[in-house]
Amino acid sequence: MTWETLLHYKWGVMAPEFIILGVATALSLIDLFMPNRQSRRPLGWFAVAGVIVAIVSLVGLLSVDTTSILHDTFRLDAFGKAFKLLLLGGAALVLLLSLDYCPKEGMKYEGEFYYLFLTALLGAMVMTSSGDLITLFVGLELLSISSYILAGLRKTNSLSNESAMKYVISGGISTAITLFGMSYVFGLTGSTNLKKIAMQLSTLQDSGHQYVLALAFLLMLVGLSFKLASAPFHMWAPDVYQGAPTPVTAFLSVVSKTAGFVIVLRLFISIFAAALSQGDEPSSMLLSMQDYIAFLAGATMVIGNTVALKQRNVKRLFAYSSIAHAGYLLVGFASLSFVMVDSMWFYLAAYLFMNLGAFAILQTVTDQSGSEDISQFAGLYRRNPLLAIMMGVFLLSLAGIPGTAGFIGKAHIFLGAFATEPAHYVLAAVMIATTVVSYVYYFGLFTQIFFRPAAHHESFSVPIGATIVIAVCAFGTLLFGMMPGWLYAFLDKFHHFSDFLR
Amino acid sequence: MHDTYFLSLLVFSPLLGIGLLAFVPKTQEQTIKLLGFLATLPSLLLALFAFSQYLRGYDLSRLSEKHAWLQFGNYSFLPKSAYAIPYELTVDGFALVMIVLTALLATLAAIASIHIKKEWKGYFMLFLLLEIGMLGVFVAGNLFLFFLFFEITLVPMFFLIGKWGYFEKEKAAYSYLLYNGIGSAILLLVILILFARTGTSNIAALQDMLRGGEGASQMLAPLSNDLRYGLFIALLIAFGVKLPIVPLHSWMLRVHVQAPPSIVMLHSGVLLKIGAFGLIRFGMGLFPEQFERFATFIAILGVINLLYGAFLAFVQEDFKMVLAYSSISHMGIVLIGLGALNEAGIQGAIFQVVSHGLISALLFLLVSIMYERVQTTMLNRLGGLSKAMPLVSGFLLAGAMASLGLPGMSGFISEFTAFLGLFKTNPALAAVGTLGIIMTAVYLLRAVLNMTYGATARGVAEVADISAVELVPVLVLIGCIVFIGVYPQMLAEPLAATIQMMMNGLGG
């Protein structure tokens, strides 16, 4: 490769990635040469600024046509742009949240936190734009490995250690299974490029090969559903969520989950939608595998919502809540309707606002009291009414009550489930039933906040980072709940993500 | 009459009160109560104004508004307006009557809220939010908005019951939340299936499509006959929870007993009626064929409700329980009227919706006045009220008379027409149903006479009678009840068009 070939690539389309990479590198160097005693908080603000600059550069790229560089391994298409926006937005909010995070024993490894966080984000972004199994995998691993370390960042806390350990092991297994599945795909087609794979597979007629491909699908589905924390591969999530530092939990439940859905969508739509399945009427492989995804969705919703009912630790509660939401998102995927990507994007956007908002309050409250028991929310209404009302907004949205973004998101997913022929009535019914079950634990938090008397009466203040996050999230949750038209008008610009392989 | 934003103004005017209340310090009890009361007045005045204009021949369709709100993606292979949900409000005679009823009861309940003991600010803010939800339900122009307003009532009710209720308030709040949550979840399913398959959620357009009218060709996917039956049954369950139809009623008893009486006035007066409204509008309006097939079944459900409520009301020891079972019993009459499937029956059902709204509000208002003074509603600890509280006793008797259907009061008209309808189509069933009417007289008179006459119970002798502030809403309600009883044409006229439309849908 010569300089000429390197220079003729349109590197500009990777600008957001380069910015994040640059900031992460700079942060690690600054952290290295910074005196030990000095506070690392300015680094956090630097990281936030870096993410915001990346968002600005991404917004600048929105009008750029679909471009692929580096031999189709990196693609900037509508899908990449839209989902990167979510990842960056979520990351900026989580970083703001992490500025105020202060566990009992103090935060010794703050510098590491910021640049590991950015590398994780970088991994997610690379995944979003990758056009090749290799870049996809590298992105996934960059995200995963950074997350493993982040989860164990409270080195003196045994729960945090346990969480990192569990995360590494289950994450490693899931990676191996995914890779195993990918190797079959490579074996069948002789290529790692998604576009070439799709082309090859669309001509695959041999039924023996189709079995292998189906096996590859199942392996990848199982491996990636670890990442999504969807049942029955969700076991690690509650422990990791509970043990990890709260901002990391927020990151895992929002940014990392979004990244998980990104890889699932990109991989499965580009590879398996093109492949033919066997049977009398040849249809797409993805369509014939629909039932497995639907089963995963159903199990995830049922397990997430029912086990959440008996949680006393709020971080565990939110872990199960986040499992449940993965289930709702999988319903959107399983129905394979024409609104699929739109509806999942919207739901993830809504989820970003409502869940991060809830996490900001959760972190404020648990930091204040040093305990994560649900009773710490008792009497929040008396101690800080505004905070209580904000929490109310986020919980209502998570429960899917109209007037909030969560409701519109759910309605859109239902629309997808009913608009296909045949319609997915059973799956939708499970979703509705489990949503009603979720009322019990979301409103259970309400009872704590509004009905129960408080153990302490002193009011407390909310730190600046969390205040910004709560304000932004509440604004987003309500705005997109009441005026969702704006977000849909924005989505229309992407032509419903039809340029997956173009 | 400037009408572009009239309905929006009517529905959302309580927001002004919520906004103002936010700035009042929470210790200012009197200001908050006054403001809470005043905030209900704009809707009431607007509703009464619209009603009076309508009676003078104003065309209600001019009040409709429609603004673009939400579009689930612009898909090139779908018609342009598919999956669009505009913000549209519309009103007809039936809806207008319900609006007037809601606004009136909200104002009266705000007056009855003087008995609320704590955290007035939060109470009134939620109260006004509840009013927005209730008003919106009746003017929603599409199913999506209907559901939105329907759910808006759910959240404030949960808090109003759970925070300001009596001893077992949290349990009542939860059972309210779960039962109604399931009901509305089923409703949401129906709405979204219709929406996904037809591309629209506009009520009028759906009516046209489902009947195979001109718009039917624009449907995106077919609705098979089985699916229609499924949707109809789902609607019956969804609104059956709200109404409530007998096996689905247990939550409603808890709410009636545990919630603060001012909220029960609204709950029993308006929220239960949303079930009836929905059943008439959507069950009958969208699925007339299915409704016809189920008519006898619905009438049977009605008779069961009527008798079950009446018999259980007879053995209750708590006056609030008597009234709760009485509500169940009276909702049976709505079902009986609808099940009759003829003009008289439907008219009776709708009359009952309005009339029971007024009567139950009156009775719960009196309960709140009584409870305020004697701190109990147990029948065995009440007695001889007439000596200390002659006025309250008199009103109580009047309310009971109205409820049991004394001629000259609104209850009579509704029961009479509903049964008239059923006797035409199913005389045997109607004959069984009349037993319920007799039982109504028995249990109401037993309860009321027990409280007003008989031996004076301890602590009852020296209580004060009704105060001037409390007198106003009582007199207004009794006035309305008698007025409708004497001059039912007042209601019959606005409802005629709606009933005619229903009859057309039913094929005659």
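Details of the structure are given in the entry above.
Report follows, based on the coordinates. This structure is a prediction, so every number in the text was calculated from the model and none was measured.

Helix and strand counts for chain A come out as 21 helices and two strands. At 22 Å, chain A has a C-alpha radius of gyration in line with the 23 Å of a compact globule built from 502 residues. Once the C-alpha set of chain A is aligned to its principal axes, its extents read approximately 70 × 55 × 40 Å. Relative to its 502 residues, chain A shows a buried fraction of 65%. A gap of 9 Å separates the mean positions of the 27 positive and 26 negative side-chain charges of chain A.

This brings us to helix 8 (residues 203–210) of chain B. Residue and element names in this part refer to chain B. When we look at burial in helix 8, the residues that qualify are Ile203, Leu206, Gln207, Met209 and Leu210. Summarising the axial view, the buried residues of helix 8 lie within an arc of 165°, below the 170-degree limit, and thus occupy one face. Residues of helix 8 that are buried in the fold lie against helix 6 (143–164), helix 7 (169–198), helix 9 (225–242), helix 11 (261–286) and helix 20 (489–505). Looking at where helix 8 begins, the residue whose side-chain oxygen comes 2.9 Å from the main-chain nitrogen of Ala204 is Asn202. Looking one or two places after helix 8, you find Gly212, whose phi comes out positive at around 75°.

Further remarks concern the packing of helix 3 (residues 41–61) of chain A against helix 5 (residues 110–129) of chain A. Residues and elements named next belong to chain A. Taken N-terminus to C-terminus, the directions of helix 3 and helix 5 make an angle of 15°; their axes are 8 Å apart at the nearest point. Between helix 3 and helix 5, the angle falls in the class roughly parallel. As helix 3 runs across helix 5, the sense of the crossing is right-handed. Contacts from Arg41, Leu43, Gly44, Ala47 and Val51 in helix 3 reach Glu110, Gly111, Tyr114, Leu118 and Leu121 in helix 5. Counted by class, the contact of helix 3 with helix 5 contains six nonpolar, two polar and two charged residues.

Relative to the elements of secondary structure, Ser329 of chain B occurs in helix 13 (residues 319–340). Once residues lying within four places of it in the same chain are set aside, the contact partners of Ser329 of chain B are Asn305, Leu306, Gly309, Ala310, Thr440 and Tyr443 of chain B.

A word on the packing of aromatic side chains. According to the stated counting rule, one finds 61 aromatic pairs over all chains in the structure shown. Each ring, one from Phe318 of chain A and one from Phe359 of chain A, has its centre 5.6 Å from the other, and the planes form 55°; the classification is tilted. Here the residue Phe318 of chain A occupies a position in helix 14 (residues 314–334), and Phe359 of chain A occupies one in helix 15 (residues 340–369), the gap between them amounting to 41 residues. In this pair, the class of Phe318 of chain A matches that of Phe359 of chain A, namely buried. Taken together, the aromatic side chains of Phe338, Phe346, Phe407 and Tyr488 of chain A together with Phe72, Tyr83, Phe144, Phe147 and Phe195 of chain B make up a single cluster linked through ring pairs. When the ring centre of Phe150 of chain B is taken as reference, the NZ or CZ atom of Lys242 of chain B above it lies at 4.8 Å. Taking the ring centre of Tyr371 of chain B as reference, the NZ or CZ of Lys320 of chain B above it sits at 5.5 Å.

A separate point is the interface of chain B and chain A. Counting residues at the interface gives 37 residues for chain B and 41 residues for chain A. Summed over both sides, the interface of chain B with chain A buries roughly 3,600 Å², with 73% coming from carbon and sulfur. Counting the surface chain B buries against chain A, the share from its top three residues, Trp69, Phe72 and Tyr75 of chain B, is 16%. Counting every contact that joins chain B to chain A gives two salt bridges.

A word on the environment of Leu397 of chain B. All names here are of chain B. Looking at the element boundaries, Leu397 is found in helix 16 (residues 390–404). Judged by its relative accessible area of 27%, Leu397 is partly exposed. Remark: the alpha-carbon pair of Leu397 and Thr107, spanning 290 residues in sequence, is separated by 23 Å. Discounting chain neighbours no more than four positions away, the residues touching Leu397 are Val448 and Leu449.

So, on to the nonpolar core. In globular proteins that are soluble, nonpolar side chains generally tend to be buried together. Membership of the largest hydrophobic core comes to 394 residues, with the highest contact counts inside it found for Leu118, Phe268 and Phe333 of chain A together with Phe72 of chain B. Of all the elements, helix 15 of chain A adds the most residues to this core, at 20 residues. Residues within four places of Phe268 of chain A in sequence aside, it is in contact with Phe217, Met220, Leu221, Leu224, Ile263, Ala273, Leu286 and Phe333 of chain A. By size, the runner-up hydrophobic cluster in this structure holds twelve residues, among which are Val303, Ala418, Leu422 and Leu429 of chain B.

Turning next to a nonpolar patch on the surface. Residue and element names in this part refer to chain B. Taken together, the side chains of Phe314, Val315, Val432, Leu435, Ile438 and Val442 present a nonpolar region at the surface, about 490 Å² in accessible area. Of all the elements, helix 18 (residues 427–452) adds the most residues to the nonpolar patch, at four residues. For Val315, the location among the structural elements is in the loop between helix 12 (288–314) and helix 13.

Take the pattern of salt bridges next. Residues and elements named next belong to chain A. Under the counting rule described, the total for this entry stands at 19 salt bridges over all chains. Measuring nitrogen to oxygen at the nearest pair gives 2.9 Å for the salt bridge that ties Lys166 to Asp239. With Lys166 in helix 7 (residues 158–189) and Asp239 in helix 10 (residues 236–243), the pair connects residues that are 73 residues apart, well separated along the chain. One network of salt bridges, with partners in common, ties together Asp72, Arg75, Asp77, Lys195 and Arg266.

Turning next to the environment of Phe314 of chain B. Residues and elements named next belong to chain B. As for its position among the elements, Phe314 is in helix 12. In this structure Phe314 comes out as partly exposed when scored by relative accessible area, which is 32%. Distance in space between the C-alpha atoms of Phe314 and Gln218 is 54 Å, their sequence separation being 96 residues. Not counting the four nearest positions on each side in its chain, Phe314 is found in contact with Met439, Val442, Tyr443 and Arg446.

Below, the discussion takes up the packing of helix 4 (residues 93–112) of chain B against helix 14 (residues 343–374) of chain B. All names here are of chain B. Running from N to C, helix 4 and helix 14 cross one another at 0°; their axes reach a closest spacing of 11 Å. With respect to helix 14, the element helix 4 is oriented roughly parallel. Within the contact between the two elements, helix 4 uses Phe94, Val97, Met98, Leu101, Leu104, Leu105 and Ala112 and helix 14 uses Ile350, Val353, Val354, Gly357, Leu358, Ala361 and Leu365. A per-class count over the contact of helix 4 with helix 14 returns 13 nonpolar, one polar and no charged.

Rules of the game
Residues numbered from 1 in each chain as written. Chains lettered and ligands numbered in written order. Predicted model: local features only at pLDDT ≥ 70, side-chain atom pairs only at ≥ 80, totals over all residues. Heavy atoms only, no water. Helix = DSSP H or I, 4+ residues; strand = E, 2+ residues; numbered from the N terminus. Rg over C-alpha atoms; globule rule 2.2 N^0.38 Å. Buried < 20%, exposed > 50% of the residue type's maximum accessible area, 1.4 Å probe, protein only. Lys, Arg positive; Asp, Glu negative; His and termini not counted. Charge placed at Lys NZ, Arg CZ, Asp CG, Glu CD. Arc of directions from axis to C-beta. Contact = heavy atoms within 4.5 Å. Polar contact = N/O pair within 3.5 Å; in protein donor to acceptor, adjacent residues only side chain to side chain. Axes fitted to C-alpha atoms, helices over the stretch in contact; angles between N-to-C directions. Parallel < 35°, antiparallel > 145°, perpendicular 65-115°, else oblique. Left-handed = near helix turned anticlockwise from the far one by under 90°. Nonpolar A, V, L, I, M, F, W, Y, C, P; charged D, E, K, R; others polar. Phe/Tyr/Trp six-rings, centres within 6.5 Å; stacked < 30°, edge-to-face > 60°. Lys NZ or Arg CZ within 6 Å of the ring centre and 35° of its normal. Buried area = accessible area lost by both parts, 1.4 Å probe. Salt bridge = Lys/Arg side-chain N within 4 Å of Asp/Glu carboxyl O. Core = buried A, V, L, I, M, F, W, Y, C linked by side-chain atoms within 4.5 Å. Patch = residues over 30% accessible without salt bridge, like charges linked within 9 Å, V, L, I, M, F, W, Y side chains within 5 Å. Areas by Shrake-Rupley, 256 points an atom, 1.4 Å probe, with all protein chains shown as cover.

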